[in-house]
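Residue strings, one per chain:
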Amino acid sequence: MKTRFLFLLAVIIIAFSSQTYAQFDKFSFQIGAGIVNPDKGMRGSNYINYSNTYRYVNQVFGIDSTFVFPWQVALVDSSLMNRNYGAKTGFFIQGMGKINLDKYETVRLIGTIGYSAFNAFEGSKSGFVPEFTQSYIQQKSISYDYSLSNFGLGLGVEVAPLSFTKVVSPFVNGTFNFNFLNAKLTRTTGPSDSMSINFSDFRMGISLGVGIEFKVNPQWGLVVGAKYDFANLLLKNTDRASGVYWGRTNAGFNDEEGNVQANIYDPLGTPIRNNIHVSQKDMNWSTFYVAVNFYPNFGGTTKKK
């Protein structure tokens, strides 16, 4: 009985291996580029606020004072990192590998590696800022630079029901993504006075995509597609123990509701603020891209005997 079972198992393995080779020997690779557009908590109108007034509140000592200046004050907007991430339209690049799961090539396993650079078309912001000292307030020129990006790895499935036509094939896909988010805010008040804060965090989420493939010849094809990312479905967190300070190199993205300390929103020389309220934020964005498909022929076509 045991011998028959082993013989039957060997036959099944050989048959499955033969069929698997016939079905899984077709790979394709894709390189694409496009535009990424932030949504939900990612999008912000402006990360710098221009006003000729500044309100200073110190809850510990009960101080609440409003200063009026004869010039525009350029300060980091209090909504940045608290209610949104100040992201604007940027560029996107991606590489993708595919392997078919059926003989008609309609279902594929896909792996992606991509980079989204938000605010890529935004220049630096400049203006003036007050600097508080023990005896007086002086005016200083200042400029700000802000960048935000995501490096993502994804695994998922793609369905292209008309792939067997070998000409035009619409598709839908979905991936589970590992997102490595980074942001950097820099202020410069002179040739030897520059300070920055760096944000970095890891989140997991999904993306859903649609598109159309156009096969030009057996080796090459063109793709037009779009996808939508839900980047922080898992691992939302707020770093309550540490603050949002100039000079930090590993500040968190603070996408869960809570309170933090901060000093990036105030003029130079003012104390650190306590209990900055942080809202829960969804890191979502849409992407529109064009790509080139490459269909290598590894080993040629399998012949039946």
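Given the structure is predicted, the values throughout are model-derived calculations rather than measurements.

Within the protein chain, the secondary structure is distributed over one helix and 13 strands. Helices and strands appear in the protein chain in the N-to-C order α-β-β-β-β-β-β-β-β-β-β-β-β-β. Per element, the accessible surface of the protein chain, about 16300 Å² overall, is 62% carbon and sulfur.

On to the nonpolar core, then. In terms of nonpolar packing, the biggest core is built from 46 residues, with Val76, Met81, Tyr146, Leu148, Leu185 and Phe253 touching the most fellow members. Per element, the largest residue contribution to this core is six residues, and it comes from strand E3 (residues 63–76). Apart from residues no more than four positions distant in its own chain, Tyr146 is found in contact with Tyr47, Leu80, Met81, Tyr85, Gly86, Asn119, Ala183, Lys184 and Leu185.

When you line up the elements, Asn100 lands in strand E4 (residues 90–100). Here Asp102 takes part through its backbone oxygen, which lies 2.9 Å from a polar atom of the side chain of Asn100.

Okay, the pattern of salt bridges next. With the rule as written, the count across this model stands at 14 salt bridges. Measuring nitrogen to oxygen at the nearest pair gives 3.1 Å for the salt bridge that ties Arg108 to Glu213. Here Arg108 is found in strand E5 (residues 107–118), whereas its partner Glu213 is found in strand E9 (residues 193–215), with 105 residues between them in sequence. Note on accessibility: Arg108 and Glu213 belong to one class, buried. Between Asp229 and Lys227 there is a salt bridge, with its nearest N and O atoms 2.6 Å apart. When its relative accessible area of 14% is taken as the criterion, Lys227 is described as buried. If you follow the salt bridges from partner to partner, you end up with Lys98, Arg108, Glu158 and Glu213 in one network.

By the criterion of burial, strand E6 (residues 125–132) is predominantly enclosed, with six of the eight residues buried. Two strands pair when backbone bridges link them, and E6 and strand E7 (residues 137–159) are joined in this way by eight bridges, in the antiparallel orientation. Bridging across to E7, Phe132 finds its partner in Ile137. Between the antiparallel neighbours E6 and E7 lie four residues.

With that out of the way, let us pick up the packing of aromatic side chains. Summed over the entire model, instances satisfying the criterion amount to 15 aromatic pairs. Ring geometry for Tyr54 against Phe67: centres 6.4 Å apart, planes inclined by 20°, an arrangement best described as stacked. Linking Tyr54 in strand E2 (residues 48–58) with Phe67 in strand E3, this pair joins segments that are 13 residues apart in sequence. Summarising the aromatic geometry, the rings of Phe92 and Tyr289 are spaced 6.2 Å apart at their centres and angled 55° between planes, so their arrangement reads as tilted. With Phe92 in strand E4 and Tyr289 in strand E13 (residues 283–294), this residue pair connects regions lying 197 residues apart in the sequence. Chaining the aromatic ring pairs together yields one cluster made of Tyr54, Phe67, Phe69, Trp71 and Phe128. The side chain of Lys98 reaches across the aromatic face of Phe171, ending 5.3 Å from its centre.

A word on the environment of Ala74. If you trace the backbone, Ala74 turns up in strand E3. For the pair Ala74 and Asn49, spaced 25 residues apart in sequence, the C-alpha to C-alpha distance is 5.8 Å.

On to unusual backbone geometry. The phi angle at Lys166 is positive, at roughly 65°, despite the residue not being glycine. Within the secondary structure, Lys166 is located in the loop between E7 and strand E8 (168–190). Positive phi, normally seen in glycine, also occurs at Leu235, with a value near 75°. Structurally, Leu235 can be placed in the loop between strand E10 (220–234) and strand E11 (258–262).

In the predicted model, the protein chain carries a mean pLDDT of 86, and 87% of its residues have values of at least 70. Taken as a whole, residues 8–23 scores under 50 in pLDDT and shows six contacts with residues more than four places along the chain or in a different chain. Segment residues 299–305 is flagged for pLDDT under 50; beyond a separation of four residues in sequence, or across chains, it makes three contacts in the model.

Reading the values: the criteria
- Residues numbered from 1 in each chain as written.
- Predicted model: local features only at pLDDT ≥ 70, side-chain atom pairs only at ≥ 80, totals over all residues.
- Heavy atoms only, no water.
- Helix = DSSP H or I, 4+ residues; strand = E, 2+ residues; numbered from the N terminus.
- Areas by Shrake-Rupley, 256 points an atom, 1.4 Å probe, with all protein chains shown as cover.
- Core = buried A, V, L, I, M, F, W, Y, C linked by side-chain atoms within 4.5 Å.
- Buried < 20%, exposed > 50% of the residue type's maximum accessible area, 1.4 Å probe, protein only.
- Contact = heavy atoms within 4.5 Å.
- Polar contact = N/O pair within 3.5 Å; in protein donor to acceptor, adjacent residues only side chain to side chain.
- Salt bridge = Lys/Arg side-chain N within 4 Å of Asp/Glu carboxyl O.
- Pairing = 2+ DSSP bridges.
- Phe/Tyr/Trp six-rings, centres within 6.5 Å; stacked < 30°, edge-to-face > 60°.
- Lys NZ or Arg CZ within 6 Å of the ring centre and 35° of its normal.
- pLDDT = per-residue confidence, 0-100.

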